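# Architecture and fold: a report
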Amino acid sequence: MQRSKIAGIGYYVPKNVFTNEDLKKYMDTSDEWIQERTGIKERHYADRTGETTTTMGVEAAKIAIERAGITPQEIDFIIFATLSPDYYFPGCGVLLQRALKMKEIGALDVRNQCSGFLYALSVADQFIKTGMYKNILVVGSEKHSFGLDFSTRGRNISVIFGDGAGAVVLQPTNALASSGKEQGILSTHLHSDGESAEILAMYNPGTHANHWQPEPFATFDKAEIGQMFMSHAMIDYAQNFPNMDGPAVFKKAIIKMPEVVEEALLANGLTTANIDLLIPHQANLRIAQFVQRKLNLRDDQVYNNIQKYGNTTAASIPIALCEAWEEGKIKEGDVVCLTAFGSGFTWAGAIIRW
Ligand code: ACO
């Protein structure tokens, strides 16, 4: 059967670096607290006006397309994953299509937060397998810095996230690795559990009408009819920022990420001993270390770069995958395992033989 392979990969991070020390100018925090709880030392923030989620995605895409040996005009489908789009609508896919002067191809936006890239990769993989498309561009990009609360009130969230983008070009393959085994994406595995959707979420702008919220938010519908989508009160009560119950996210992530890795290995008749490199979504170094311990993996079997970039949500896996590949840590025939967990909750896994 025809499979899909990563024919080109690229990433882009903005040039502005913010260390933990820099964040102390805005909030009551410390390098020690951030490193101990998250492993993060620094992150990159996009230019306030010059860069957007789409422009960063475009930079990553240009590299991936060039490395695939094609031009933007040969791409026949775009899938763009982000939770921080340039506009509420339309999505970033069409903005990228315009920026790269692509043909009038389909452009799909994926809203699956931290597992967005793996959901996008899975959709692309199916389109390649059915023969529908030959060159699919998959992008994960985030400009978190525009939407975070940088006061002490928001410090449990704002210190974690960074900006950046990663992209891959998927193409069909029937090739075998030198080991004689099939190359390309071997399988993808997608999951969700909406029971805890609100504990890692940005509620506004939205159509929820505050029906599940306590006073005073529950009364907004009467007071501001017609302005529910975004109101002054939402801003006054800081309801325009993301919310996160960190410990609850942590507990679920360290169960579901290893679980989906085991599921993916089993589906391919592999074991953890066969993993050459695991790239976990860069949520938090402590989560990645738990996942590593649970799967009994050696240090050289796991790649982490959250120390430099923070959590870049949909961009974290393609950035880490690209950086690991550029550093020579992924070679032909290697079994690369990807796993992600995030808001929704949604989680996903993928196994690739490079
Ligand atoms: N600097 C200093 N102090 C802080 C900061 C900060 N940036 N943030 C919170 N604190 C304080 C709190 O106010 C609290 O103080 P108190 O005890 O006086 O009330 C104290 O630190 C402990 O707060 P907790 O929220 O209980 O801290 P916790 O030990 O749980 O660590 C963290 C918080 C790092 C978010 C942790 O829960 C975690 O890693 N959760 C996983 C969530 C995650 O990784 N999310 C990423 C996005 S989702 C994803 O990608 C899967």
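Source: prediction; values computed, not measured. Sequence positions are assigned chain by chain, starting from 1 and proceeding in written order. It should be noted that, the model being predicted, local features are given only for residues of pLDDT at least 70 and side-chain atom pairs only at 80 or more, the latter also being counted only at that level, while totals for whole chains, interfaces and linings use all residues. Here the side-chain values reflect all heavy atoms present in the structure, with hydrogen atoms and water set aside.

### Observations concerning the nonpolar core
Only buried Ala, Val, Leu, Ile, Met, Phe, Trp, Tyr and Cys residues count toward a nonpolar core, and they belong to the same one when joined by side-chain atoms within 4.5 Å. For the exposure calls, accessible area comes from a 1.4 Å probe over protein chains only, and a residue counts as buried if that area is under 20% of its type's maximum, exposed if over 50%, partly exposed in between. Ranked by internal contacts, the top residues of the largest apolar core, which has 41 residues, are L118, L121, I279, L321 and L338. Ranked by residue count, the leading element in this core is helix α5 (residues 116-129), at seven residues. If you count residues domain by domain, this core takes at least three from each of domain 1 (3-173) and domain 2 (184-196 + 244-353). A contact between two residues is defined here by any heavy atoms of the two lying within 4.5 Å. If near-sequence neighbours (up to four positions away) are discounted, L118 is found in contact with L190, I317, L338, T339, A340, A348, G349 and A350. Only DSSP runs of H or I covering at least 4 residues are called helices, and only runs of E covering at least 2 are called strands; the numbering of each starts at the N terminus. Note: domain ranges come from an automatic or database domain assignment.

### What to know about the packing of aromatic side chains
Stacked, edge-to-face and tilted labels apply to pairs of Phe, Tyr and Trp rings (six-membered ring for Trp) whose centres lie within 6.5 Å, assigned for plane angles under 30 degrees, over 60, and everything in between, in that order. Under the counting rule described, the total for this entry stands at 10 aromatic pairs. Taken together, F18, Y26, Y45 and F150 form an aromatic cluster joined through their ring pairs. In our convention, an over-ring charge means Lys NZ or Arg CZ found within 6 Å of a ring centre and within 35 degrees of that ring's normal. The aromatic ring of F146 is capped on one face by K143, whose charged end is 3.9 Å from the ring centroid. Across the ring face of F290, the terminal group of R293 is positioned such that the distance to the ring centre comes to 5.1 Å.

### Comments concerning the site of the ligand
Any residue with a non-hydrogen atom lying within 4 Å of a molecule or strand is treated as near it. In the region of the ligand, 24 residues are neighbours, and T29, R37, H281, N284 and N311 sit closest. Pairing of N or O atoms within 3.5 Å defines a polar contact, subject to two protein rules: one partner must be a possible hydrogen donor and the other a possible acceptor, and residues neighboring in sequence count only if both atoms are side-chain atoms. T29 places a side-chain nitrogen or oxygen 2.7 Å from a nitrogen atom of the ligand. N311 places a side-chain nitrogen or oxygen 2.8 Å from an oxygen atom of the ligand. Considered on its own, the ligand offers 1000 Å² of accessible surface; in the complex 71% of this is hidden by protein. Values of accessible area rely on a 1.4 Å probe in the Shrake-Rupley scheme; residue burial ignores everything except the protein chains shown.

### Here's the deal with a nonpolar patch on the surface
Patch definition: residues with relative accessible area over 30% and no salt bridge; like charges joined within 9 Å; nonpolar side chains (Val, Leu, Ile, Met, Phe, Trp, Tyr) joined within 5 Å. Note on definitions: salt bridges are taken to be side-chain nitrogens of Lys or Arg within 4 Å of carboxyl oxygens of Asp or Glu. Nonpolar side chains collect at one region of the surface, where Y88, F89, F229, M230 and I235 lie side by side and expose about 550 Å² of accessible area between them. Among the structural elements, Y88 can be located in the loop between β4 (77-81) and α4 (92-99). Note on Y88: relative accessible area 46%, which makes it partly exposed.

### Here's the deal with helix α12 (residues 316-326)
Along α12, nine of the 11 residues are buried, which leaves the element largely enclosed by surrounding structure. The set of residues buried in α12 consists of S316, I317, P318, I319, A320, L321, C322, E323 and A324. The first or second residue beyond α12 is G328, which carries a positive phi of 80°.

### Regarding unusual backbone geometry
As a rule of thumb, non-glycine residues mostly have phi less than zero, and peptide bonds are mostly trans rather than cis. Along the chain, F89 connects to P90 via a cis peptide bond; the corresponding omega equals 0°. The topology assignment puts P90 in the loop between β4 and α4. Residue F345 is bonded to the preceding G344 through a cis peptide linkage, with omega at -15°. Inspection of the secondary structure assignment puts F345 in the loop between β12 (335-342) and β13 (346-353). You will see that N296, though not glycine, has its phi angle at about 60°, which is positive. Looking at the secondary structure, you find N296 in the loop between α10 (285-294) and α11 (306-309). Among the residues examined, N296 registers a relative accessible area of 67% and is labelled exposed. Residues other than glycine seldom take positive phi values, yet T313 does so here, at roughly 50°.

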